[in-house]
Amino acid sequence: MIFQILIIAWLGVRSRLGRSILTALSLFIGVLAIVVIQAGAGAAQDAVMSNAILTGGRAMTLSLNVSNGRRAFGQADQLLSHLNNVLAPVKATAVMTVDADSTLFPGGSVEMTLVKGDLREIRPFPVRRGEWIGSGSDIVLPVVINKATSANFGLTTGMTFSISPGHTHEQVNVRVIGVITDGMKEPNAYAPLDLTQSWVKQLAGLVSPKILIHADSGTSQAQLTGLIRNEYFRFFDTERSPEISRIDQADDFAQTLGTIKLIFSIIAGLSLVVGAMGILNIGLATLRERSDELSLHRSFGATRLQVIAIIVLEGQIVALSAACIAIVFGLFGFPLAASFLSQGIEVSLQNFPYEAAVIGVVACCFAAFIGSLVPAIRAGHVPIASIMRL
Amino acid sequence: MLELQSCCKSIRLPSGDTLQLLRDLSLKILPGESLAILGRSGTGKSTLLGLLGLLDTLDCGSYRVDGQETVGLCDRALANLRGRTFGFIYQRFCLMSRLSAFQNVEAPLLHRPGRRADRHKAVYEALDKVGLIERAKHKPDQLSGGEQQRVAIARALVHNPHVILADEPTGSLDRSTGTMILRLLFNLVKEAGVTLVVVTHEPLIAAQIERVLELSNGALKDGNL
Ligand SMILES: Nc1ncnc2c1ncn2[C@@H]1O[C@H](COP(=O)(O)OP(=O)(O)OP(=O)(O)O)[C@@H](O)[C@H]1O
Ligand SMILES: [Mg+2]
């Protein structure tokens, strides 16, 4: 019986193909909006988010500036291993970095970062070529360069040359062991702090070492700050408060992108509401014309409920077709939209948002249901006897 | 068998007044009987036919269809009985303009269980009986008035109803076409052995039918007198 009702509904849709297509259009746009916008926003979010993580560190990364006295490096070094011990229970990682700005590479000036500890725990650089700095003990200093350095100066893994570190009068032989993406547009390079002791000595007093601490979710900023401050005071026996600041932008970005996504979702929702109103409008406008046909069906033995089902099913057929076509469009349009929205940021965007697609279909059918319900119930109450007086 | 007993029906006019169409009307129609209802325009013939066909409900009185009381039945039971018992033919054909002749005739069958193949066979048989098999794919606006009414007759008969209710079946046709349609209808009704109730303005039609009643002032009286 349901199957026959379906046939009648299908005949109804097919016999008003033009109108059905027009109705489908707004629903189509609604679903496409949900899928593409959700996909695009998701992709953009991933892209911007991972860029933010590369430059600022993963969520909940703090930076502790150790004052740049003569003994700063030694103290920072000790504090680092102390922190790593005491932070182990909260699964936090501490890493020390020293910025050696304007290091002269063959080709131009590079921002050099000397690293102790695994910086990639905090800033998860994808390695493009070669490898990340380990703890080699070659006479030649291993360095890792970012893509800008590689591209601007034509440097790549395996090359050996000498550089002149910023603020020093040294010449250091280096070999490029890896190329990474670090989210920076400027030329950058990374080298192990342990193997650069001679220039670190010269940098002392000029540059202050930084300790980056990252805690996995579960530790709040206040908790972590308090913990570090306590250890700092205990360690240095000083009155001066340390400079501790949060450097990751994860929260900011998540919030902004969340808002953007919300706005886009509202737009998608609105177009579905428009679609529902379209079905409602057409349903009510054509009720007069349809009521004769529906009265006929009732004279053939259709119940009130079956007449209601016919109208609702017609709406569902239109909605489902619209949604399916929209998803096919979305599948093809998604890579385009993704590459457009995430221009210049290199993150893989392979995943089509199937969740959004399912939500789109359900929302579309729901919109059509709401839109067809009023005409359907009205149609169920059309006096059939009026067909005698047509 | 259809049995109307002391039924009344009034219509609420837009002005707020009520118009009493049928007053204490009783009517018994035996299986296989043919009945013509005459009457001036506006006396309530169509209304009566609608009541007989369960398209409308009584204000008072009782109505039995094949022994079953219909007053107070739920929508589902009424729809069931209506679809099983009656086939309708209207003055203006009332075909679904967007569907082909075939689909129009198939429509009543879609409201009862049955396989597609059986359905199609029944549709072709019905179209064959009215001589329109080669017009099966045509839409109503591609058919003449007489042809449209023949499609409507096929549609009224396709599901083997016990009773055919025809409201001025020739009212929209010229005389000769009308005569042809009536002859076809009478033949098919006789062949199938079904009851026929036909409403008409034309005394000429009535001449071919054994029992004729006239509706006036809300009551039926013998029209042969
Ligand atoms: N739904 C309605 N609203 C208002 N008036 C109605 C309604 N239904 C019927 N009437 C009135 O009831 C009267 C009888 O209508 P009905 O259609 O039964 O007459 P009829 O005998 O079939 O007339 P005709 O021979 O012209 O077809 C008419 O005056 C009509 O205007
Ligand atoms: Mg009438």
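All values derive from a computational prediction rather than experimental measurement.

We now examine a nonpolar patch on the surface. Residues and elements named next belong to chain A. Taken together, the side chains of Leu262, Ile266, Leu270, Val273, Val274 and Met277 make up a nonpolar region of the molecular surface, amounting to roughly 570 Å² of accessible area. Within the secondary structure, Ile266 sits in helix α7 (residues 250-285). Note on Ile266: relative accessible area 47%, which makes it partly exposed.

Residues and elements named next belong to chain A. What the domain assignment lists for chain A is domain 1 (2-53 + 251-388) and domain 2 (58-247). Inter-centroid distance (C-alpha atoms) of domain 1 to domain 2 is 53 Å. Contact with domain 1, which involves four residues of that partner, is made by eight residues of domain 2. Of the roughly 450 Å² buried at the junction of domain 1 and domain 2 (both faces included), carbon and sulfur atoms supply 37%. Run the count over domain 1 and domain 2 and you get zero salt bridges. Viewed at the interface, domain 2 and domain 1 are joined by zero residue pairs in polar contact (both at pLDDT 80 or more). Considered class by class, the residues forming the side of domain 1 that touches domain 2 number one nonpolar, one polar and two charged.

In this section: the pairing of strand β1 (residues 61-65) of chain A. Residues and elements named next belong to chain A. Buried residues dominate β1, accounting for four of its five residues. Sheet analysis places β1 next to strand β9 (residues 210-215), joined by five bridges and oriented antiparallel. Counted as the bridge partner of Leu64 is Ile211 from β9. Across four bridges, the pairing between β1 and strand β10 (residues 243-246) is antiparallel. Note that in β10 the partner of Asn65 across the bridge is Glu243.

Residue and element names in this part refer to chain A. Where α7 meets helix α10 (residues 354-380), the axes come as close as 8 Å, and the angle between the chain directions of the two elements is 25°. It follows that α7 is roughly parallel to α10 by the angle criterion. Relative to α10, α7 is oriented so that their crossing is right-handed. Every residue of α10 that contacts α7 at Leu272, Ala276, Ile279, Leu280, Gly283 and Leu284 is listed here: Ala363, Cys364, Ala367, Ala368, Gly371, Ser372, Val374, Pro375 and Arg378. Of the residues that constitute the contact of α7 with α10, the class distribution is 11 nonpolar, three polar and one charged.

To continue, consider the confidence of the model for chain A. Taken residue by residue, chain A gives an average pLDDT of 83. The fraction at 70 or more is 93%. Taken together, the stretch residues 344-349 of chain A has pLDDT below 50 and engages in 12 contacts with residues farther than four places along the chain or on a different chain.

Not every one of the 14 residues close to ligand 1 is listed here, only the nearest: Ser41(B), Gly42(B), Lys45(B), Ser46(B) and Thr47(B). Chains contributing residues to the immediate surroundings of ligand 1 are chains A and B. Note that an oxygen atom of ligand 1 is positioned 2.7 Å from one of the side-chain N or O atoms of Lys45(B). Within the side chain of Thr47(B), an N or O atom sits 2.5 Å from an oxygen atom of ligand 1. Every element with two or more residues in the shell around ligand 1 is listed here: β2 (18-29) and α1 (45-52) of chain B. Among the elements that line the shell around ligand 1, the one with the most residues is α1(B), at three residues. Residue composition of the shell around ligand 1, by class: four nonpolar, seven polar and three charged.

Parameters and conventions
- Residues numbered from 1 in each chain as written.
- Chains lettered and ligands numbered in written order.
- Predicted model: local features only at pLDDT ≥ 70, side-chain atom pairs only at ≥ 80, totals over all residues.
- Heavy atoms only, no water.
- Patch = residues over 30% accessible without salt bridge, like charges linked within 9 Å, V, L, I, M, F, W, Y side chains within 5 Å.
- Areas by Shrake-Rupley, 256 points an atom, 1.4 Å probe, with all protein chains shown as cover.
- Salt bridge = Lys/Arg side-chain N within 4 Å of Asp/Glu carboxyl O.
- Helix = DSSP H or I, 4+ residues; strand = E, 2+ residues; numbered from the N terminus.
- Buried < 20%, exposed > 50% of the residue type's maximum accessible area, 1.4 Å probe, protein only.
- Domains from an automatic or database assignment.
- Contact = heavy atoms within 4.5 Å.
- Buried area = accessible area lost by both parts, 1.4 Å probe.
- Polar contact = N/O pair within 3.5 Å; in protein donor to acceptor, adjacent residues only side chain to side chain.
- Nonpolar A, V, L, I, M, F, W, Y, C, P; charged D, E, K, R; others polar.
- Pairing = 2+ DSSP bridges.
- Axes fitted to C-alpha atoms, helices over the stretch in contact; angles between N-to-C directions.
- Parallel < 35°, antiparallel > 145°, perpendicular 65-115°, else oblique.
- Left-handed = near helix turned anticlockwise from the far one by under 90°.
- pLDDT = per-residue confidence, 0-100.
- Near = heavy atom within 4 Å.

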